[in-house]
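These are the residues of each chain, in order.
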Amino acid sequence: MPAPVPPRRARVRAPRLSGRRWLGTGGGAPDLRGRVVLLDFFTGSCVNCVHVLPELRALGERFGGELAVVGVHSPKFPHEAAPGAVETAVARLGLDHPVLDDAELRTWSAFAVRAWPTLVVLTPDGYVAATFSGEGHGEEVAGVVADLLRERDAAGPSGVPAAAPAPAPGPAAVPEPAPGVLRFPSRALALPGGTVLVADSGHARLVELAADLATPLRALGGFTEPQGLALLPPGVAAEVGYDVVVADRGAHALRGVRLADGHVRTVAGTGRQLRRRSGGGPALQQELSSPWDVAWFDGQVLVAMAGSHQLWAFEPAADPARAVVRVVAGTTAEGLRDGPAESAWLAQPSGLAVQRTGTGEVAWFVDAETSALRALCRTGPVDRAVPMVRDERMANVEPVARPGHAVTTAVGTGLFDFGLRDGPGAQGPPERRALLQHPLGVAVAPDGSVLVADTYNGALRRLDPSTGLVSTLAEGLAEPADVLVLPGAGPDGPALVVVESAAHRLVRLPLPRVLREPGAVQRAEVALPPGRVRLEVSVRPPDGQELDASGGPAAVLDVAAAPASLLRTGAGAAPGLLRELELDGAPGGGGVLHLEVRVATCDADGGPGAACHLHRRALRVPVRTDPAAAALLRLDVDLGAAGAAGGPTAGSSPPR
């Protein structure tokens, strides 16, 4: 007797597949008659959509021609709706099944889809059988497909039409890139000898280029989809036996590369994707989820773990078995929430850059899905313990990171706030705030400003920390994925190198003069108690000048905090350099105080040719709340040193 067939459930007739065009079919709609159809609603920017692709390939191999996989590209960002961007996404992802270009979201709306990715299973006779949102549903989909095929076979000739042969692939609707060295490069790293190492993601390799950025010197294989690159300090490299750490996104692993002979080894990850909450563990035993970038920060390798919306740390060791990984920031919730790193929300962190000053480090990172530029700072002693977490969920529950850092946002406000607009950052008026669109890369310029590869705007943007303003340095770039500062490169002196991923090349741009001189400075961390705190700012005019109050207050102090809840009272701009603040926060918490000092001075001699001047200095002061700390914060600002200011002092012990 044939196997029993599950009873047919009440189903809804599937809407018509309607879009701008078909890709990968020769132009017309594919023949889907008699087969189970699996619709994959995706967008090129979504890391979770990328995670679904191996599941789709496995289903295709399992069911062969009886299952038709169809992609439906439904864009989130405006850039993704451009025809060329759709073609680029299909080529970058290596899709070999038909794709409907749903630029106007007609099919998305008809199927009432609400999330990327969404999988919809259709019966051979055109009804909706099941819908799954998110990733990790491969086995569930396989069960539905197997049931539908049994139903179809049991129905016989009088039921569902027999499966039609799978259509032969039509002419490629996606243009191949012009022959060249690189294909969808993602990152560039300056090497000590003056060459540049490139993550050649589309060719699954690294390429070392000469200083002309065009001549290949060697290629290194052993990768699946390399993305981020980080150069280890020489002492660390000598100890562990490799010089560069590579974020191999496609393999869910970190690789170590020895530059002397090109040897590549796996240093973290198992090759399997992490699908549960984890605080970390032995590096070679811990699953990872789409590591996208890496950077040396705070004595360890910081990892942008895009797939789980977190920042991790990797501690290399001479004995690979002793290396560990741990969560540094993020709960796995996708969103934008500042504050202590262990409770912060991130959204597909994709690029890292570390700013080092005489008083500490700041790790700048871009969150692609919130189109945000954010920062990670020390707030106190770092707990480097690796907690044991036995939780099979991947959800926003208890923290898995340890205390010691805080996350703040400089640009960006949420998952669906994006665009191309210059102006003040996240602290400015909502209607004037600067906007980005799916940025993937970030770098720090010599003047201390932060450069952003604003990928979907095709632009290079600049955040000036001294003013909090965002400006545009260059436009018309082809999906720039990274930016690299080469201080002394080329015959024209310092330069910027932009990785134009969609153009499969690196381009050199002159370093604007405004970026060449040191600018605003990150202050050292201080401990302050919750409650009332006195802020005193001391200003030293440049030689030959004196404070001038003839046209109004000689000095104005503007105070803000990130998160804003750190300041109960005392925020805003007011005349004078003294301020009573009231801090909120639990012991061990904290955030960052943002201060701007505006000072008017005039030449002291007052004779012919004398002039008056307006000075502006911006300070970022990481704060750790400690009930035992003294309730006094003193800051010295020397207007004679361009962009410089003395470090903060508090009535407690010196900051660590």
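Scroll up a little and you will see the structure.
Below is a summary of the structure that appears in this document. (Residues numbered from 1 in each chain as written. Predicted model: local features only at pLDDT ≥ 70, side-chain atom pairs only at ≥ 80, totals over all residues. Heavy atoms only, no water.)

Here's the deal with the overall build of the protein chain
Stated formally: Only DSSP runs of H or I covering at least 4 residues are called helices, and only runs of E covering at least 2 are called strands; the numbering of each starts at the N terminus. Accessible area is worked out with a 1.4 Å probe on protein chains only. A residue is then buried under 20% of its type maximum, exposed over 50%, and partly exposed in between. The contact criterion used is simple: two residues touch if any of their non-hydrogen atoms lie within 4.5 Å. Residue burial considers only the protein chains on display, and all accessible areas are found by Shrake-Rupley using a 1.4 Å probe.
Counting its regular elements, the protein chain contains 5 helices and 45 strands. Counting across all 656 residues of the protein chain, residues that qualify as buried make up 55%. Here the contacts in the protein chain between residues at least 6 apart in sequence split such that 60% fall between residues at least 24 apart. Carbon together with sulfur atoms contributes 54% to the accessible area of the protein chain, which is approximately 25,700 Å² in total.

Quick word on the pattern of salt bridges
Threshold: A pairing counts as a salt bridge when a side-chain nitrogen of Lys or Arg comes within 4 Å of a carboxyl oxygen of Asp or Glu.
Considering all chains together, one arrives at 41 salt bridges under this definition. For Glu361, the salt bridge identified is with Arg356, shortest N-O distance 3.0 Å. Residue Glu361 is classed as partly exposed on the basis of its relative accessible area of 25%. On the basis of relative accessible area, Arg356 is assigned to the partly exposed category, the value being 48%. Between Glu536 and Arg534 there is a salt bridge, with its nearest N and O atoms 2.8 Å apart. Here the salt bridges do not stand alone but share partners, grouping Asp298, Glu315, Arg326, Arg378 and Arg384 into one network.

Some details on the pairing of strand 25 (residues 405–411)
Put simply, the test is: A strand pair is defined by DSSP finding two or more bridges across the two strands.
Burial runs high along strand 25: 7 of the 7 residues are buried. Examined bridge by bridge, strand 21 (residues 339–340) and strand 25 share 2 bridges and lie antiparallel to one another. If you follow Pro340 over to strand 25, its bridge partner there is Ala406. Where strand 24 (residues 372–378) meets strand 25, 6 bridges bridge the pair, whose relative direction is antiparallel. Within strand 25, the residue paired with Ala375 across the bridge is Thr408.

Section: the side chain of Arg187
Quick note on the threshold: We call two N or O atoms a polar contact when they sit within 3.5 Å, provided that within protein one can donate a hydrogen and the other can accept it, with sequence-adjacent residues counted only if both atoms are side-chain atoms.
Residue placement: Arg187 occurs in strand 8 (residues 185–190). Among the polar contacts listed, one links the side chain of Arg187 to the side chain of Asp293, at a separation of 3.3 Å.

Quick notes on the sheet that holds strand 29 (residues 459–464)
With respect to topology, 5 strands assemble into an open sheet ordered 26-30-29-28-27, the strand pairing being antiparallel. In the strand order of this sheet, the two ends are held by strand 26 (423–424) and strand 27 (441–444), each with one partner.

Quick notes on helix 2 (residues 83–93)
With 8 of 11 residues buried, helix 2 lies mostly within the body of the structure. Listing the buried residues of helix 2 in full gives Ala85, Val86, Glu87, Thr88, Ala89, Val90, Ala91 and Leu93. Structurally, helix 2 contributes buried residues whose contacts are with strand 2 (21–23), strand 3 (36–42), helix 1 (47–63), strand 4 (67–73) and strand 5 (99–101). One or two residues past the end of helix 2 sits Gly94, with phi positive at roughly 65 degrees.

A look at the nonpolar core
Selection rule: To form a nonpolar core, buried Ala, Val, Leu, Ile, Met, Phe, Trp, Tyr and Cys residues must be joined to one another through side-chain atoms within 4.5 Å.
Ranked by size, the top nonpolar core spans 30 residues in total, and within it Leu38, Leu67, Val121, Val141 and Val145 carry the most contacts. Of all elements in the fold, only strand 3, helix 1, strand 4, helix 2, strand 6 (118–122), strand 7 (127–133) and helix 4 (138–155) reach the threshold of two or more residues within this core. For this core, the leading source of residues is helix 1, giving 7 residues. With residues up to four places along the chain from it excluded, the contact list for Leu38 reads Leu56, Leu59, Leu67, Ala68, Val69, Val70, Leu119, Val120, Val121 and Val141.

Comments concerning the sheet that holds strand 31 (residues 480–486)
Stated formally: Helix axes are fitted only over the stretch in contact, all axes being lines through C-alpha atoms; the angle between N-to-C directions runs from 0 to 180 degrees.
The strand order across the open sheet built from 3 strands is 31-32-33, with neighbouring strands paired in antiparallel fashion. This sheet does not close on itself; its edge strands, each paired only once, are strand 31 and strand 33 (505–510). When the angles between neighbouring strand axes are averaged without regard to direction, this sheet yields 25 degrees. The sheet contact formed by strand 31 and strand 32 (residues 495–500) spans 6 bridges and is antiparallel. Paired with Asp482 across the bridge in strand 32 is Val499.

Quick word on the packing of helix 1 against helix 4
For clarity, the cut-off: We call two directions roughly parallel when the angle between them is under 35 degrees, roughly antiparallel when it is over 145, roughly perpendicular when it lies between 65 and 115, and oblique otherwise. What makes a crossing left-handed is the near helix being turned counterclockwise from the far one by less than a right angle; a clockwise turn instead makes it right-handed. Three categories are distinguished: nonpolar for Ala, Val, Leu, Ile, Met, Phe, Trp, Tyr, Cys and Pro, charged for Asp, Glu, Lys and Arg, and polar for the others, with Gly belonging to the last.
Between helix 1 and helix 4, the least distance of the axes is 10 Å, while the angle of their chain directions is 30 degrees. In this view, helix 1 runs roughly parallel relative to helix 4, as classed from their interaxial angle. Our pair here, helix 1 against helix 4, has a crossing hand that is right-handed. Residues Glu55, Leu59, Arg62 and Phe63 of helix 1 pack against Gly138, Glu139, Val141, Ala142, Val145, Ala146 and Leu149 of helix 4. For the contact of helix 1 with helix 4, a count of residues per class yields 7 nonpolar, 1 polar and 3 charged.

A closer look at the environment of His79
Residue position: His79 is located in the loop between strand 4 and helix 2. Along the sequence, His79 and His438 sit 359 residues apart, while their C-alpha atoms lie 9.4 Å from each other. In this structure His79 touches Ala85, Gln437, Tyr456 and Glu479, once residues within four positions along its chain are discounted. Side chain to side chain, His79 and Glu479 meet in a polar contact 2.7 Å long.

Re helix 4
Residues spaced three or four apart along an α-helix point in a common direction, a consequence of the helix completing one turn every 3.6 residues. Put simply, the rule reads: Under the convention used throughout, the expected extent of a helix is 1.5 Å for every residue step, that is, one less than its residue count.
Compared with an ideal rise of 1.5 Å per residue, which puts 18 residues at 26 Å, helix 4 spans 26 Å between its outermost C-alpha atoms and is within 8% of the ideal. Among all positions of helix 4, only Gly138, Val141, Ala142, Val144, Val145, Leu148, Leu149, Glu151 and Arg152 are buried. Residues of helix 4 that are buried in the fold lie against strand 3, helix 1, strand 4, strand 6 and strand 7.

Quick notes on unusual backbone geometry
Omega for the peptide link from Trp116 to Pro117 comes to -10 degrees, which places this bond in the cis form. With respect to the helices, strands and loops of the structure, Pro117 is situated in the loop between helix 3 (106–110) and strand 6. In the Ramachandran plot, His504 falls in the positive-phi region, its phi being about 60 degrees despite a non-glycine side chain. Position of His504 relative to the elements: it lies in the loop between strand 32 and strand 33. Since its relative accessible area comes to 17%, His504 is described here as buried.

Structural notes on the packing of aromatic side chains
So the rule is basically this: Two aromatic rings, drawn from Phe, Tyr or Trp (for Trp, its six-membered ring), form a pair once their centres lie within 6.5 Å of each other, and the interplanar angle then sorts them: stacked below 30 degrees, edge-to-face above 60, tilted otherwise. Over a ring means this: the NZ of a Lys or the CZ of an Arg is within 6 Å of the ring centre and within 35 degrees of the ring normal.
Across all of its chains, the model carries 4 aromatic pairs by this definition. Centroid distance Phe41 to Phe111: 5.8 Å. Interplanar angle 55 degrees. Geometry classified as tilted. Of this pair, Phe41 sits in strand 3 while Phe111 is found in the loop between helix 3 and strand 6, placing the two residues 70 residues apart along the sequence. Note on accessibility: Phe41 and Phe111 belong to one class, buried. One aromatic cluster is present, built from ring pairs that chain together Phe77, Phe418 and Tyr456. Directly above the ring of Phe416 sits Lys76, whose terminal nitrogen or CZ lies 5.0 Å from the centroid.

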